[in-house]
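A closer look at the structure
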Amino acid sequence: MYVAPVAATPDNKLSDLVAESVKEVEQACAENLVSSECAAAWDVVEEASAAASHARNRKKESSDPLENYCKDNPETDECRTYDN
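Analysis parameters
Throughout this document, residue positions are counted from 1 along each chain, in the order its sequence is written. Owing to the predicted nature of the model, reporting of local features is limited to residues with pLDDT of at least 70; listing and counting of side-chain atom pairs is limited to 80 or more, with chain, interface and lining totals taken over all residues. Values reported for side chains reflect all heavy atoms of the structure, with hydrogen atoms and water molecules removed beforehand. Elements are defined by DSSP. Helices are runs of H or I of four residues or more, strands are runs of E of two residues or more, and each kind is numbered from the N terminus. In this scheme, a residue with accessible area under 20% of its type's maximum is buried, one over 50% is exposed, and one in between is partly exposed, where area comes from a 1.4 Å probe on protein chains only. Only heavy atoms enter the contact rule, under which two residues are in contact if any of them lie within 4.5 Å. To count as a disulfide, a pair of cysteine sulfur atoms needs to be within 2.5 Å. As used in this record, nonpolar core signifies buried Ala, Val, Leu, Ile, Met, Phe, Trp, Tyr and Cys residues forming a set joined through side-chain atoms within 4.5 Å. For every residue, the predictor assigns a confidence score, pLDDT, that lies between 0 and 100.

1. Structural notes on the overall build of the chain
- In terms of helices and strands, the chain carries three helices and zero strands.
- Put simply, the chain runs from its N terminus to its C terminus through helices and strands in the order α-α-α.
- When each of the 84 residues of the chain is scored for burial, the buried share is 25%.
- Nonlocal contacts in the chain, meaning residues at least 24 apart in sequence, comprise 37% of its contacts between residues at least 6 apart.

2. Points about the state of the cysteines
- Considering all chains together, one arrives at two disulfides under this definition.
- Disulfide pairing places Cys70 opposite Cys79 at an S-S distance of 1.9 Å. Looking along the S-S bond of the Cys70-Cys79 disulfide, the torsion reads about -85°, which is the left-handed sense. An identical accessibility class is assigned to Cys70 and Cys79; each is buried.
- When the bonded cysteines of the chain are counted from the start of the sequence, the pairing works out to 1-2, 3-4.

3. With respect to the nonpolar core
- Among the nonpolar cores identified, the biggest contains seven residues, and these are Leu14, Leu17, Val18, Ala48, Ala51, Ala52 and Ala55.
- Secondary-structure elements contributing two or more residues to this core are α1 (14-28) and α2 (36-61).
- In terms of nonpolar packing, the next biggest core, distinct from the first, is built from six residues, Ala28, Cys29, Ala41 and Val45 among them.

4. Overview of the confidence of the model for the chain
- Considering every residue of the chain, the mean pLDDT works out to 82; 83% of them sit at 70 or more.
- Of the regions scoring below 50 in pLDDT, residues 1-9 engages in 14 contacts with residues more than four places distant in sequence or in other chains.

Here you go:
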């Protein structure tokens, strides 16, 4: 069984990796659901799914250009926040 490196995979390919991993699970678990190969295949699916989820969260967090700017330049007028 081939285990793809999850961390080195670009964000746009993670959903493909998850789908590929699920197919590998189907093959690995076809004969024996409790084999070590089946468990390892599910581990790959879990890791790929987590990486895809984290990539989506990072994309959501960095979608606002002003927030990105203010992270780098908190002292500018555009980035000031006031407490009431």
